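One-letter residues, chain by chain:
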Amino acid sequence: MASSAENELIVEQIQIGPMQNFTYVVGHRTTREVVIVDPAWDIDSLLERLDEKDYLLKGALVTHYHPDHIGGSFANHDIQGIAELMEKRPVKAYAHKDEASGVRKVTGISDSDLIKVDSGDTVRVGEIEIEFLHTPGHTPGSQCFRIRNTLVSGDTLFINGCGRVDLPGSNAEDMYHSLQKLKSLPDETLLLPGHNYAHVASATMGETKRVNTYLSVKDLDTWRMFMG
């Protein structure tokens, strides 16, 4: 049976957009305060979902600056994201300090719209504490969010893989070290990735370690060969 503390935690997974993105709503059931992770593609529908449940939006959490996660121009398409969110709800966006310039460039939001965080920083949403974990590799300022025994991993770690490291700003060695950091989390940690790329939408870290080849690489030299 779940404890009363666990029952107070809101974590909702929402698949949205043509690239199988996941957006997350995280918050505190009693106060109804929530933050939204990587809002993109259809801001009106996301806000309608919050309003239907009487959630009070307190901020947006950014895993990384790619437009399919936070909006902007991508492949000749303009994607809705945090800029459109802020027009309707004047909240701040929390981005890693190394990602802030990329977020501004991609979305057009101002520096005053951002709260720059570092690894180990936390933010409280009602009585729920969210910890920021810097996990560079996919982008320089990629970050994950740890909420008790749950990890929202963005494009750093998927159930069957990891984020691409052949894009501008990506770094294969950084990705190796970030995956080692996440691999050290308890096996019962629930992994919630940034895309629906696997046979299931979520899995424990223990299950992920069993199926994810990228987490089985034991040293950096092997990783370099593995990644070409």
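Predicted model only: the values in this text are computed from it and were never measured. (Residues numbered from 1 in each chain as written. Predicted model: local features only at pLDDT ≥ 70, side-chain atom pairs only at ≥ 80, totals over all residues. Heavy atoms only, no water.)

So, on to the pattern of salt bridges. Evaluated as defined, the whole model comprises 13 salt bridges. Residue Arg49 pairs with Glu12 through a salt bridge whose shortest N-O separation is 3.3 Å. Of the two residues, Arg49 sits in helix α2 (residues 43-52) while Glu12 sits in strand β1 (residues 9-16), which places them 37 residues apart along the sequence. Taking relative accessible area as the criterion, Arg49 reaches 30% and is therefore assigned partly exposed. Using a relative accessible area of 12% as the deciding quantity, one classes Glu12 as buried. Residues Glu129 and Arg124 are paired through a salt bridge, measuring 3.6 Å at the closest nitrogen-oxygen approach. For Glu129, a relative accessible area of 41% translates into the label partly exposed. Accessibility expressed as a relative area gives 47% for Arg124, which makes it partly exposed. (Salt bridge = Lys/Arg side-chain N within 4 Å of Asp/Glu carboxyl O. Helix = DSSP H or I, 4+ residues; strand = E, 2+ residues; numbered from the N terminus. Buried < 20%, exposed > 50% of the residue type's maximum accessible area, 1.4 Å probe, protein only.)

Looking now at the side chain of His69. Summarising the element assignment, His69 is placed in helix α3 (residues 67-70). Judged by its relative accessible area of 1%, His69 is buried. A distance of 3.4 Å separates the side chain of His69 from the side chain of Asp68, its partner in a polar contact. In this structure His69 touches Asn21, Asp38, Pro39, Ala40, Thr63, His64, Asp155, Gly194 and His195, once residues within four positions along its chain are discounted. (Polar contact = N/O pair within 3.5 Å; in protein donor to acceptor, adjacent residues only side chain to side chain. Contact = heavy atoms within 4.5 Å.)

Right, let's talk about the packing of aromatic side chains for a bit. Counted by the stated rule, this structure contains eight aromatic pairs. Look at Phe132 and Phe145: their rings are 5.7 Å apart centre to centre, the planes differ by 85 degrees, and that puts the pair in the edge-to-face class. Linking Phe132 in strand β10 (residues 128-134) with Phe145 in strand β11 (residues 143-147), this pair joins segments that are 13 residues apart in sequence. Neither Phe132 nor Phe145 differs from the other in exposure class; each is buried. With centroids separated by 6.3 Å and ring planes inclined at 40 degrees, the aromatic side chains of Trp223 and Phe226 adopt a geometry described as tilted. Placement of the pair is Trp223 and Phe226 together in helix α8 (residues 220-226), with a separation of three residues, close to one helical turn. By relative accessible area, which is 39% here, Phe226 ends up partly exposed. Every member of this aromatic cluster is reached through a ring pair, and the members are Tyr176, Tyr214, Trp223 and Phe226. (Phe/Tyr/Trp six-rings, centres within 6.5 Å; stacked < 30°, edge-to-face > 60°.)

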